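# Coordinate inspection notes
As a plain string of letters, each chain reads:
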Amino acid sequence: MATTADGKGSGPAAKLKEKGNEVWGNVQGSQAWGAIFRPGSVFRKGYTDSPRNRSYVIMNNVLYHLHPVKVKRHAVKVSYTLCLGGLSFFLFILLTVTGIFLMFFYRPTATDAWQTVQTLETGVAFGSLVRNMHRWGAHLMVLSVFLHMSRVFYHGAYKSPREFNWIIGVVLLLLTLLLSFTGYLLPWDQLALWAVTVGTNMMGYTPVFGNEVRFVLLGSKEIGNDTLLRWYVLHVLMLPFVIVIFMAVHFWRVRKDGGISGPL
Ligand code: HEM
C-alpha cells in the first residue's frame, strides 16, 4: 500500500478513513450531539483529582447510597412523581416472578404451546391466577411506563441535565413494547397467530430489506415452530436481560442528575 511521509496511507482505504473521521468530527461538533452527549450529562463532576472530587466519589456513589445523601423535600412527595417510575419497576419484578412460574409449565412448540397453557389454566394450582397476573401486569406496565413518560414530559424533566436519561427512557419504552409483543405470540391461539402474521407482514414492507427483515423475525418463510422458539427466547431471556441493564443505567442517572427534578 502507498504511504505518505508521515507514515499514513494514501490509498482509497486511507482516504475513506480520513473522510470518515471528518464526518464523525462534524457529528460530534454538531449542536444535537452536544446536547445529548454533553460530558456533564454523563459524568457530572469530571475526573480532576481534587479533595472535593474525591469526597464526591464516596457521597455520590450509587452503590454506597442508592438514596442520595440529601433528598429534596419535593422529591419524596408522591403527588410529584405519582410513583409511576417505581410502579413500572414493581410491575417488571412482578412480571419476572410470575413469568418464572409460567416457565415451569409452558413448552414453546407449535404442537404443545396451546395445550400447556390450557393445562396451566385448568390443572395447575393457582395457574389461572398467575397467568392472569402476568397478562394484566404486562398491560399495566405498558400503561404505567407511558404515563411515567408523560409525567416526565409534563414537568420538563427531559431538559438538561437529564437529556441522557430521557434517551435511556426511550429505549426502555421500546423494550417494554417489544416484551409485550413477543409475549403475545406465546399462547399460540388464533389471536396471537394472526396478530403476529399481520405485524410481520407489515415489517415485510420495509424498503429494500423487507423480505430479510420478515425472515429474521419469523425464523422461516412463514409463521411456525421456528417463529415461536425465536420469540420465546427473546421474551424470556434476551429482552429481560437488556432491559435490566438499561434500568440500572436509568436509576444510576436519576441519582447522578441530582435526584428527581423540581424547583431548585
Ligand atoms: C421500564 C421502564 C421505566 C422504569 C422502570 C423507570 C423508572 C424510573 C424511576 C423509578 C424514576 C424515579 C422517579 C419517578 O418515579 O418518576 C425515573 C425517573 C425518570 N425517568 Fe424513568 N422509567 C422507565 C421508563 C422511562 C421512559 C419511557 C422515559 C422517557 C422517555 C423515562 C425518563 C425518565 C426521566 C427523565 C427521569 C427523571 C425524572 C425527574 O427527575 O423528574 N423513564 N424512572
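As a reminder, the structure under discussion sits directly above these lines.
Residues numbered from 1 in each chain as written. Predicted model: local features only at pLDDT ≥ 70, side-chain atom pairs only at ≥ 80, totals over all residues. Heavy atoms only, no water.

Protein coordination at the iron atom of the ligand comes from H148 (NE2) and H250 (NE2), with a distance range of 2.0 to 2.1 Å. Note that the iron atom of the ligand binds six donor atoms; their angles at the metal cover 87 to 179°, and the shape is octahedral. Separated by 102 residues along the polypeptide, H148 in helix α8 (residues 127-154) and H250 in helix α12 (residues 225-256) bring together distant segments of the chain. On the accessibility criterion, H250 (13% relative accessible area) is buried. (Donors = N, O, S within 2.8 Å, 3.2 Å for Na, K, Ca; no water. Tetrahedral: all angles 85-135°; square planar, octahedral: opposite > 155°, others 65-115°. Helix = DSSP H or I, 4+ residues; strand = E, 2+ residues; numbered from the N terminus. Buried < 20%, exposed > 50% of the residue type's maximum accessible area, 1.4 Å probe, protein only.)

Quick look at the site of the ligand now. Lining the immediate surroundings of the ligand are 26 residues, of which H148, R151, G169, H250 and S261 lie closest. R162 places a side-chain nitrogen or oxygen 3.0 Å from an oxygen atom of the ligand. One nitrogen or oxygen atom from the side chain of S261 is found 2.6 Å from an oxygen atom belonging to the ligand. For the shell around the ligand, the secondary structure elements donating two or more residues are α6 (84-103), α8, α9 (163-185) and α12. Residues of the shell around the ligand, tallied by class, amount to 14 nonpolar, ten polar and two charged. (Near = heavy atom within 4 Å. Polar contact = N/O pair within 3.5 Å; in protein donor to acceptor, adjacent residues only side chain to side chain. Nonpolar A, V, L, I, M, F, W, Y, C, P; charged D, E, K, R; others polar.)

What follows concerns the pattern of salt bridges. This model, assessed by the stated rule, comprises five salt bridges. Notably, a salt bridge pairs R131 with E121, separated by 2.7 Å at the nearest N-O pair. Residue R131 is found in helix α8, and its partner E121 is found in helix α7 (residues 113-123); the two are separated by ten residues along the sequence. Taking relative accessible area as the criterion, R131 reaches 17% and is therefore assigned buried. E121 sits in the partly exposed class, given a relative accessible area of 25%. A salt bridge links D257 to R253; its shortest N-O distance comes to 2.7 Å. (Salt bridge = Lys/Arg side-chain N within 4 Å of Asp/Glu carboxyl O.)

The next point concerns the packing of α6 against α8. For any two helices packed against each other, one specifies the crossing angle of their axes together with the interaxial distance. Look at α6 against α8: their axes get within 8 Å of each other, and the N-to-C directions meet at 155°. By the angle class used here, α6 and α8 are roughly antiparallel. Considering how the two elements wind past one another, α6 and α8 form a crossing that is left-handed. Here the residues of the contact of α6 with α8 sort into 15 nonpolar, nine polar and two charged. (Axes fitted to C-alpha atoms, helices over the stretch in contact; angles between N-to-C directions. Parallel < 35°, antiparallel > 145°, perpendicular 65-115°, else oblique. Left-handed = near helix turned anticlockwise from the far one by under 90°.)

That bond from S160 to P161 is cis: its omega, 5°, falls within 30 degrees of zero. Secondary-structure assignment places P161 in the loop between α8 and α9. Here F126, not a glycine, exhibits a phi torsion of approximately 65°, which is positive. Along the chain, F126 falls in the loop between α7 and α8. Overall, F126 belongs to the exposed group, its relative accessible area being 62%. In this model, W188 sits at a positive phi of 60°, which is unusual for a non-glycine residue. As for its placement among the helices and strands, W188 is situated in the loop between α9 and α10 (190-203).

Here we take up α10. An ideal rise of 1.5 Å per residue puts 20 Å on 14 residues; α10 measures up with 20 Å between its terminal C-alpha atoms. Among the residues of α10, those classed as buried are A192, L193, V196, T197, G199 and T200. Contact partners of the buried residues in α10: α9, α11 (210-218) and α12. (Expected span 1.5 Å × (residues − 1). Contact = heavy atoms within 4.5 Å.)

This is a description of form; function is not addressed.
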